[in-house]
Amino acid sequence: MKILNRLIKKTTSVLPGIWFLDPPRNVSLDGYRIDNVIQYTDTVITIYFGIVVLAMLYFIIKYRSRPGHSAVYDRGDTKKHVAISIAMGLLVFFSIDVVIEGMSFRDLKEAFWNFPTGSDIVRIEVMPQQFAWNFRYAGEDGVFGTEDDLVPSQNQMHIPVDKPVIIQIAPYDVIHSFYLPNFRVKIDATPGMINTMWFQATETGKFEIACAELCGNSHYRMKGYLTVDSEEDYNNWLQSLEEEGLEDDEWGDEDEEIPIRWGWAWKESI
Amino acid sequence: MSDNQEQSFWSKYIFSTDHKVIGKQFLWLGIFFLLFGGFQAMLIRWSLSNTGEPLPWWLLGDFLYQSDGGIISPDTYNQLFTMHGTIMIFWAITPILIGAFGNFCIPLQIGAPDMVFPKLNMISFWTMFLASVVLLVSYLLPEGTAAGGWTSYPPLSTPVGGIPGQGQVFWTLSLTLAGTSTLMGAINYITTIVRLRAPGMEYFKMPLTVWGLFLTSILNALFVPIIAAGLIILLLDNVAGTQFLIAGGKATITGGDPLLYQHVFWIFGHPEVYILILPAWGVVSDLLSVFARKPAFGYKATAICMCAITTLSAVVWGHHMYTTGMSPLLGKTFMFLTLLISIPSSIFFFNWLGTLWRGSLKFETPMLFAMSVMWVFGLGGLTGLYNATITSDIYLHDTYFVVGHFHYTMAASVLFGGFAAIYFWFPKLFGKQMNSAFGKVHFWFSFIPLNLVFFNMMVMGYAGHHRRIYDPTEYEFLAPVLGLNDFMTISAYILGAAQCVFIANFVYSLLKGKVAEKNPWKAATLEWTLDAPIPHGNFASVPTVYNGPHEYSHPDLKDRDWISQSEPMSS
């Protein structure tokens, strides 16, 4: 009972704010696109569901069984009835499905599947393992798998603000999923294949990285941090890595099953 | 058939070949596992709100997990949600709707003496029983039962995944057995419906319940073998040292592919959603008509829409895998096909509303549950749109939004459809009437808390809460949802407590309930022409069918507002 009381107290203190929780603050260039699709769907399905509920309430009151009221025999299979119900189906399809499909295809083409090209891009290799995130930067030569690759300590990822970031991801052991709530992106890391994704931060700060795919008993605390730096801070951070970052061969303990070397030649087209 | 012979207890109640007895056996099994899986949900909720605190006495804190001091550890938590999902889907919903009501309703509603293959039917139940034993034994293993999620994605569910013990092996074995049982049932149902319909019982005169069960069985017969193949290679990876599904740094043999399992799982897994929900749709369509006292609106269109959804369900599995790095062309195709489902769904949903329109609605307990299915399926279906759309799914995939969505479609719709069926057919199953006041209490105390739990799951998922998280306080971005989490937990306890009302009502009505009339709901389908208890062999003489399944309030009827399917309309 004591516990129950405490629960009730805890709950009532937050009750006013619970009904419309917002997603975490969007700090990515294209996250608004996802929020827009969700908001459009929210609006339209609220209208449709509202109509259905109102109709049901009206029917419940108007057509409730009572003395003197009887049902109208109606099989609803005349051409008119069938045409109306098909029209309803098409109305729903064209007012929701076709619109969100159009929005989604447009956003995929313009943003999520439209990978940035050019020289001013940050490339990072990510290798999750039970239960941590490993990151690898190409270093000065811009080529992965060379002596000057930079590997920060686990779970620490830094990117510069306002610059496109492409990640390639492949896990060491089981499936993980790289999830950045504030950036509205998520990509699975499946053993045996390299996946890729891109995003761009619009403000500086420290954000959480979560694993979204069940990966074992400590899945719940497989957490990393993504720090978005200003250009200058980011370069300083890279500099500090070069000076004191982990060398490949001191990376990981002997008791832990971690590969001494990891990283792969960057795949230009996936 | 040994209809008239004196039967021993064993052949009458245990190894019976009578479809009605087998149906009841499935019902007992399903209700047992419904409570078992539901109790696990309560433990999950406790752990989410009171992470790391010992269980209270009313959640059996003095008995459970004593080696951990009565605390649910992360390992235990993973086992709990794995088995909650597995049990609710394969051991609660499947036996109740498909096993129990499939068995009970199909022969009675089509005017058949029994299933085509009565012995296969019996073997189907006992295979399921064996599967249940294997499943329950897995809880007694020293390291506990499976903990890889109900989807059991490899490599986590293989020896390289790092989950200790043999729970996964037992899980895979028991699911393979359950699938075998389902397959035997499906073959039986399809053959019975095709071969044993009474004279005059055309396909478009079958009750929609039978339509739902028919389509479900077709999907089962087509897709259960596929998941069986997946489970067998998973089993081999677990016990025989093969690496079909293992790749990456832990693989010692090249050529394995974890994605293969995901495809195989969802080729079955998406139709599975419809396998579960089609019987519920059928039951709801029939019940709305009975309690609105008018024919099912657009009966033929509803049946055709159900066929269309059945067909489409086979080609949309990829929408579970948008974040796996799927080829854009494939992703777009799956998205388009998935969204197509909203056309037939809207049409038959509109037909449900049409059935209520100008009816004479009687709010008996089965009707309340049937109408609540419209509510929960409406919400569940509409929220599927977010998950079918690639861009919104990138954000919402693997969050509580998905959990809330499938709890609405699978758990709530199917469970309420099942409750509607239990309240509706109880008089024919047991010859007693269930108490209607307690039924209504059960309804309201299920309907409201259920929405408070499942809707808020979606709210939480929208706020970013990812799935299968033992301790939500780990993340700063989840701080805003913690209060909601506790609110949902209390709602879930109320939902759980309401099921005690149901069980009490069920047991009381069974033992001391009012003896039911022959046709208490004044329904037109064939099972209501029989006196309870229905003898082995059902109909004394094969009925001839004249009318459709929903002839209510026909203008030619004088002294009553219904006419049985086997009664010629006199005029």
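In this convention, every chain numbers its residues from 1, walking through the sequence in written order. As a convention, the first chain written is A and the first ligand written is 1, with the rest following in written order. Only residues with pLDDT of 70 or above have their local features reported here, since the model is predicted, and side-chain atom pairs are shown and tallied only from 80 upward, although totals for entire chains, interfaces and linings are computed over all residues.

### Points about the sheet that holds strand β2 (residues 132-137) of chain A
Residue and element names in this part refer to chain A.
Item 1. Within the open sheet, the 4 strands sit side by side as β2-β1-β4-β7. Their pairing is mixed. The outermost strands of the open sheet, each flanked by one partner alone, are β2 and β7 (195-200). Taken pair by pair, the neighbouring strands of this sheet meet at an average axis angle of 30°, ignoring direction.
Item 2. By the bridge criterion, 5 bridges tie strand β1 (residues 122-129) to strand β4 (residues 164-169) in an arrangement that is parallel. Among the inter-strand pairings, Arg-123 is bridged to a residue of β4, identified as Ile-166. Strands pair, by our definition, only if DSSP identifies at least two bridges between them. Runs of E in the DSSP output that reach at least two residues are strands. Runs of H or I that reach at least four are helices, and both are numbered from the N terminus. Note on geometry: axes are lines fitted to C-alpha atoms, helical ones only across the stretch in contact, with angles between N-to-C directions running from 0 to 180 degrees.

### Quick word on the interface of chain B and chain A
Item 1. The contact criterion used is a C-beta to C-beta distance within 7 Å, with each C-beta placed from the backbone. Listed as interface residues are 94 residues of chain B and, on the opposing side, 89 residues of chain A.
Item 2. If one sorts the elements of the side of chain B that touches chain A by residue count, helix α10 (residues 342-356) of chain B sits on top with 10 residues.
Item 3. Under this grouping Gly is polar, as are all residues other than the nonpolar Ala, Val, Leu, Ile, Met, Phe, Trp, Tyr, Cys and Pro and the charged Asp, Glu, Lys and Arg. Of the residues assigned to the side of chain B that touches chain A, the class counts are 50 nonpolar, 29 polar and 15 charged.

### Side note on the domain arrangement of chain A
Residues and elements named next belong to chain A.
Item 1. Per the domain assignment, the segments of chain A are domain 1 (13-112) and domain 2 (122-248).
Item 2. Counting residues at the interface gives 8 residues for domain 1 and 11 residues for domain 2.
Item 3. Its residues placed into classes, the side of domain 1 that touches domain 2 shows 4 nonpolar, 3 polar and 1 charged. Residue ranges for the domains trace back to a domain assignment, done automatically or taken from a database.

### Digging into the packing of helix α3 (residues 79-112) of chain A against helix α9 (residues 328-340) of chain B
Item 1. Taken N-terminus to C-terminus, the directions of α3 of chain A and α9 of chain B make an angle of 170°; their axes are 10 Å apart at the nearest point. Classified by the interaxial angle, the pair formed by α3 of chain A and α9 of chain B is roughly antiparallel. Along its contact with α3 of chain A, which presents Asp-97, Glu-101, Ser-104, Phe-105 and Leu-108 of chain A, the element α9 of chain B presents Pro-328, Lys-332, Met-335, Phe-336 and Leu-339 of chain B.
Item 2. Its residues placed into classes, the contact of α3 of chain A with α9 of chain B shows 6 nonpolar, 1 polar and 3 charged. What sets the label is the angle itself: under 35 degrees gives roughly parallel, over 145 gives roughly antiparallel, 65 to 115 gives roughly perpendicular, and the rest give oblique.

### Details of the environment of Gly-359 of chain B
Item 1. Within the secondary structure layout, Gly-359 of chain B lies in the loop between α10 and α11 (365-388).
Item 2. Look at Gly-359 of chain B and you get buried, because 28 C-beta atoms sit within 10 Å.
Item 3. A sequence separation of 339 residues divides Gly-359 of chain B from Lys-20 of chain B, and the C-alpha atoms of the two residues are 32 Å apart.
Item 4. Ignoring sequence-local partners within four residues, the contact set of Gly-359 of chain B consists of Tyr-63 and Ala-71 of chain A together with Ala-292, Arg-293 and Lys-294 of chain B. For every residue, the other C-beta atoms within 10 Å of its own C-beta are counted; 20 or more classify it as buried, 12 or fewer as exposed, and values in between as partly exposed. C-beta atoms are placed from the backbone.

### Thoughts on helix α6 (residues 208-239) of chain B
Residues separated by three or four positions in an α-helix point in the same direction, a consequence of the helix having 3.6 residues per turn.
All names here are of chain B.
Item 1. Here the expected span of a helix is defined as 1.5 Å times the quantity of residues minus one. Here α6 contains 32 residues, and its C-alpha end-to-end distance of 44 Å stays within 8% of the 46 Å for a straight helix at 1.5 Å per residue.
Item 2. At Phe-223, α6 shows its strongest bend, of approximately 35°, with the proline Pro-225 following within four residues.
Item 3. Two residues or fewer past α6, Gly-241 is found with a positive phi of approximately 80°. A residue's bend is simply the angle between two axes: one fitted to the seven residues ending at it, one to the seven starting at it.

### Focus: the nonpolar core
Item 1. Each nonpolar core comprises buried Ala, Val, Leu, Ile, Met, Phe, Trp, Tyr and Cys residues, the members being joined through C-beta atoms within 7 Å. Within the largest apolar cluster, 240 residues are counted, with the highest numbers of intra-cluster contacts made by Leu-287, Val-373 and Ala-420 of chain B.
Item 2. Structurally, this core is a two-domain feature, drawing no fewer than three residues from each of domain 1 (13-112) and domain 2 (122-248) of chain A.
Item 3. In contact with Val-373 of chain B, other than residues within four places in its own chain, are Ala-280, Val-284, Ser-413, Phe-416, Gly-417 and Ala-420 of chain B.

### Some details on the sheet that holds strand β8 (residues 205-211) of chain A
Residues and elements named next belong to chain A.
Item 1. Strand order in this open sheet of 5 strands is β3-β9-β8-β5-β6, and the pairing throughout is mixed. Each edge of the sheet is formed by a strand with only one pairing partner; in this case those strands are β3 (156-160) and β6 (185-189). Direction aside, the axes of adjacent strands within the sheet are offset by 25° on average.
Item 2. Bridge count for β3 against strand β9 (residues 223-229) is 5 bridges, and the pairing is parallel. Along β9, the bridge assignment pairs Pro-160 with Asp-229.

### Focus on α3 of chain A
Item 1. Of all the bends in α3 of chain A, the greatest measures close to 35° and is centred on Phe-94 of chain A.
Item 2. Next to the buried residues of α3 of chain A lie α2 (31-62) of chain A together with α8 (299-313), α9, α10, α11 and α12 (390-396) of chain B.

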